[in-house]
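# Chain and residue survey
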Amino acid sequence: MNLVLYIHGKGGSASESSHYEKLFPDYKVIGLDYKTFTPWETGKEIHEAVAGLKPEYENIFLVASSIGAFFSMNADLNGLIKKAYFISPVVNMEKLILDMMKWADITEEELEKKKIISTSFGEDLSWEYLCYVRNHPLVWDVPTSILYGQNDNLTSLETMKEFAGKHGANLTIMENGEHWFHTPDQMKFLDDWIVKACKDA
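Residues numbered from 1 in each chain as written. Predicted model: local features only at pLDDT ≥ 70, side-chain atom pairs only at ≥ 80, totals over all residues. Heavy atoms only, no water.

Looking now at the pattern of salt bridges. Within this structure, the stated rule accounts for six salt bridges. A salt bridge links Arg-134 to Glu-94, with the nearest nitrogen and oxygen atoms 2.8 Å apart. Here Arg-134 is found in helix α5 (residues 127-135), whereas its partner Glu-94 is found in helix α3 (residues 93-103), with 40 residues between them in sequence. By relative accessible area, Arg-134 is classed as partly exposed at 32%. The structure contains a network of salt bridges with shared partners spanning Glu-94, Glu-108 and Arg-134. (Salt bridge = Lys/Arg side-chain N within 4 Å of Asp/Glu carboxyl O. Helix = DSSP H or I, 4+ residues; strand = E, 2+ residues; numbered from the N terminus. Buried < 20%, exposed > 50% of the residue type's maximum accessible area, 1.4 Å probe, protein only.)

Take the pairing of strand β4 (residues 83-87) next. With respect to burial, β4 is a largely interior element, five of its five residues being buried. Inspection of the sheet shows strand β3 (residues 59-65) paired to β4 by five bridges, in the parallel sense. Bridge pairing links Ser-65 to Ile-87 in β4. With four bridges connecting them, β4 and strand β7 (residues 144-149) associate as parallel partners. Its bridge partner being in β7, Ile-87 is matched across the sheet by Leu-147. (Pairing = 2+ DSSP bridges.)

Our focus in this paragraph is the layout of surface pockets. Size it by volume and the largest pocket reaches roughly 1,000 Å³. For the largest pocket, the lining is made up of 37 residues, of which Gly-9, Lys-10, Gly-11, Ser-66 and Ile-67 are closest to its centre. If you list the elements that add at least two residues to the lining of the largest pocket, you get α2 (67-73), α3, β6 (124-126) and α7 (184-200). Of the residues forming the lining of the largest pocket, the biggest block, five residues, is contributed by α3. Grouping the amino acids of the lining of the largest pocket by side-chain chemistry returns 22 nonpolar, 11 polar and four charged. Those elements giving two or more residues to the lining of the second largest pocket turn out to be α3, α5 and α6 (157-167). (1 Å grid on protein atoms, 1.4 Å probe; cavity = no way out; pocket = protein on both sides within 12 Å on 5 of 7 lines; lining within 4 Å. Points joined across faces, edges and corners; volume = space filled by probe spheres on them. Nonpolar A, V, L, I, M, F, W, Y, C, P; charged D, E, K, R; others polar.)

This paragraph deals with the side chain of Gln-186. Locating Gln-186 in the fold gives a position in helix α7. We classify Gln-186 as buried; its relative accessible area is 4%. One polar contact links Gln-186 to Glu-178, side chain to side chain, over a distance of 2.8 Å. Apart from residues no more than four positions distant in its own chain, Gln-186 is found in contact with Met-174, Asn-176, Gly-177, Glu-178, Trp-180 and Phe-181. (Polar contact = N/O pair within 3.5 Å; in protein donor to acceptor, adjacent residues only side chain to side chain. Contact = heavy atoms within 4.5 Å.)

A few words on the sheet that holds strand β1 (residues 2-7). If you trace the six strands from one edge of the open sheet to the other, you get β2-β1-β3-β4-β7-β8, paired in parallel fashion. Lying at the two open borders of the sheet, with one neighbouring strand each, are β2 (28-32) and β8 (170-174). If you compare each strand with its neighbour and ignore which way they point, the axes differ by 15 degrees on average. Strand contacts of helix α1 (residues 39-53): β1, β2 and β3, with the helix running at about 155 degrees to β2, the strand carrying the most contacts. Against the sheet, α7 contacts β4, β7 and β8, and its axis sits at roughly 165 degrees relative to β4. (Axes fitted to C-alpha atoms, helices over the stretch in contact; angles between N-to-C directions.)

Before going further, it helps to examine α5. When we look at burial in α5, the residues that qualify are Trp-127, Tyr-129, Leu-130, Tyr-132 and Val-133. Buried positions along α5 lie against α1, α2, α3, α4 (108-114) and β6. The opening residue of α5, the one whose side-chain oxygen lies 3.3 Å from the backbone nitrogen of Glu-128, is Ser-126.

On to the pairing of β1. Of all six residues in β1, six are buried, a share of seventy percent or more. Burial along β1 is two-sided: Asn-2, Val-4 and Tyr-6 and Leu-3, Leu-5 and Ile-7, pointing in opposite directions, are all buried. Pairing of β1 with β2 involves five bridges; the strand directions are parallel. Bridge assignment links Leu-5 to a residue of β2, and that residue is Ile-30.

This paragraph deals with unusual backbone geometry. The phi angle at Ser-66 is positive, at roughly 55 degrees, despite the residue not being glycine. Looking at the element boundaries, Ser-66 is found in the loop between β3 and α2. Look at Ser-66 and you get buried, because its relative accessible area is 11%. You will see that Asn-176, though not glycine, has its phi angle at about 65 degrees, which is positive. The exposure class assigned to Asn-176 is partly exposed, which follows from its relative accessible area of 49%.

Below you can see the structure in the form of structure tokens.
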């Protein structure tokens, strides 16, 4: 049997995996409720989960959203999963952190000195996190399809195209789509995209 493993984004949960059961009717679909929130810790959690599931299933497919995709790309999954479907993935965390620092008017010197700074928009910026992503560039060799919303406020189209080109990923752009796919139209687009991506695989 084949398995689909769902990795949620920030504020999400493993229970969201039930949405994908109808899209993969012949596969077992489960979600991972990871307990940590850094690429080095969560990447390890995801790796251990996939490595533990691997002997039970012929093929493992990954569906990951937003920062869940970023964590997955820090999980050393090359050779363990057959294909990945990324929804609004965070593909350049260093740039995103630097962007958030600009929004909060925080310099690198301030962040290095204070180590962690809370922002008015609800994100804690971490010097350790920034150093980690700078020192651990993504190594990702899994066949990947990406769904991107035109109005994604976290990742620019240029950044997404650059990532897709570098990693040979198929990129689908939803006109007027957002980072968070949640409206009926957006969810229908997402469902149709996965069905097509599966057929094209």
